[in-house]
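Residues per chain, in single letters:
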Amino acid sequence: MELTVLGKYGPFPPAGGRTSGYLLKIGGKKILLDCGEGVFSALRAFLSPEDLDFVVLSHFHYDHACDLGVLHYYLENRGRKGTVGKPVLFCPSDDSPFARSLSALSTFRAVAVTDGFSCEEEGISFSFFRMRHPVPTFGVRICSGGQTFAYSGDTNVTDTLIPLLEGASFALLDGAFLPRDKGENKPHMSVDDCGGFARKYAVKTVISHFISDYDEAEVVAEIERQGCIPAEEGKTYRV
Ligand SMILES: [Zn+2]
Ligand SMILES: [Zn+2]
């Protein structure tokens, strides 16, 4: 499997950066994980968007979902030429107007997920776990051919990270905060929280959701000190 980082910042990027979006290739399928600001444009450097098999939105915060409408315009345009099927869109069951409008986009086949929801589509199995974040947010565990990938979306430390990560060979975790800023009531984990999970479950871990107000060199150094991989936009990681 391989993971390409399209956008790594949140809740907003610096000049030239992008917010959350990742392209996962597993079991011969192409899966877009979140679709934040600038992600559609970044995606086009790696594939034709009509070739996406699945889109997973961890939650309906703008930094993870705002480019979905642009992807919709693209698919709608190509669809009119009769060249595109509908990718499955896994997204939280969420009643906010923003969530409802994106879930209803006609170019996707939306599947609303809840805690513990799992399914198998086209040889890929998906399992969703409720995370700890201010809006309904789901981490996803994706398995194919004996390989397991885990993505936390946005979350602070929570018990459901255990079934998400146990036995996974590759993980992408939200480590937005430096250790000095971590806190029980924060919406994200810290880099050292992620490092603890990576060691406990012996999983190769990329840490993302960089806050652009930090000194990035300090964040990268802390991630490497934790034995994890700092997300880099445009870079592909293979397991
Ligand atoms: Zn975010
Ligand atoms: Zn969020």
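Our structure is the block above this text.
Residues numbered from 1 in each chain as written. Chains lettered and ligands numbered in written order. Predicted model: local features only at pLDDT ≥ 70, side-chain atom pairs only at ≥ 80, totals over all residues. Heavy atoms only, no water.

Asker: Where do I start with the sheet that holds strand β13 (residues 229-230) in this structure?
Answerer: Consider a sheet: its strands pair through backbone hydrogen bonds, and that pairing is either parallel or antiparallel. The seven strands are arranged β7-β8-β9-β10-β11-β12-β13 in an open sheet whose pairing can be described as mixed. Strands with a single pairing partner mark the edges of an open sheet, and in this sheet they are β7 (118-121) and β13. As judged from the five bridges shared by strand β11 (residues 170-174) and strand β12 (residues 204-208), these two strands associate in the parallel manner. In the sheet register, Ala171 faces β12, and the bridge partner there is Thr205. (Pairing = 2+ DSSP bridges. Helix = DSSP H or I, 4+ residues; strand = E, 2+ residues; numbered from the N terminus.)

Asker: Hey, could you run me through empty space enclosed by the protein in this one?
Answerer: Over the atoms, a rolling probe the size of a water molecule traces out where space has been left empty. This model, assessed by the stated rule, comprises one cavity of 30 Å³ or more. Computed from the structure, the largest cavity encloses a volume of approximately 50 Å³. Every residue along the wall of the largest cavity is listed here: Ser20, Tyr22, His64, Tyr151, Ser152, Gly153, Asp154, Leu172, Leu173, Asp174, Ser208 and His209. It is β11 that provides the largest number of residues to the lining of the largest cavity, a total of three residues. Here the residues of the lining of the largest cavity are counted per class, giving four nonpolar, six polar and two charged. (1 Å grid on protein atoms, 1.4 Å probe; cavity = no way out; pocket = protein on both sides within 12 Å on 5 of 7 lines; lining within 4 Å. Points joined across faces, edges and corners; volume = space filled by probe spheres on them. Nonpolar A, V, L, I, M, F, W, Y, C, P; charged D, E, K, R; others polar.)

Asker: Is there a simple way to explain the sheet that holds strand β5 (residues 88-92) in this structure?
Answerer: Ordered by their spatial adjacency, seven strands build an open sheet running β6-β5-β4-β3-β2-β1-β14, and the pairing between neighbours is mixed. The sheet terminates laterally at β6 (109-113) and β14 (236-238), the two strands that pair on one side only. Averaged over neighbouring strand pairs, the angle between their axes works out to 20° when direction is ignored. Here five bridges tie strand β1 (residues 2-7) to strand β2 (residues 21-26), and the two strands are oriented antiparallel to one another. If you follow Thr4 over to β2, its bridge partner there is Leu23. (Axes fitted to C-alpha atoms, helices over the stretch in contact; angles between N-to-C directions.)

Asker: Looking at this model, I keep getting lost on the pairing of strand β9 (residues 138-144). Mind explaining?
Answerer: Looking along a regular strand, one sees the side chains alternate between the two faces of the sheet. Among the seven residues of β9, six are classified as buried, and the element is accordingly described as predominantly covered. Bridge count between strand β8 (residues 124-130) and β9: six bridges; the pairing is antiparallel. Its bridge partner lying in β9, Phe126 is registered against Ile142. The sheet contact formed by β9 and strand β10 (residues 147-151) spans five bridges and is antiparallel. Paired with Ser144 across the two strands is Gln147, which belongs to β10. The turn joining β9 and β10, which pair antiparallel and follow one another in sequence, is formed by two residues; a positive phi near 55° is taken by Gly145. (Buried < 20%, exposed > 50% of the residue type's maximum accessible area, 1.4 Å probe, protein only.)

Asker: Mind showing me how you'd approach the environment of Phe149 here?
Answerer: Mapping Phe149 onto the fold places it in strand β10. Under the relative-accessibility criterion, Phe149 is labelled buried at 0%. Considering only alpha carbons, one finds Phe149 and Ala168, 19 residues apart in sequence, at a separation of 5.7 Å.

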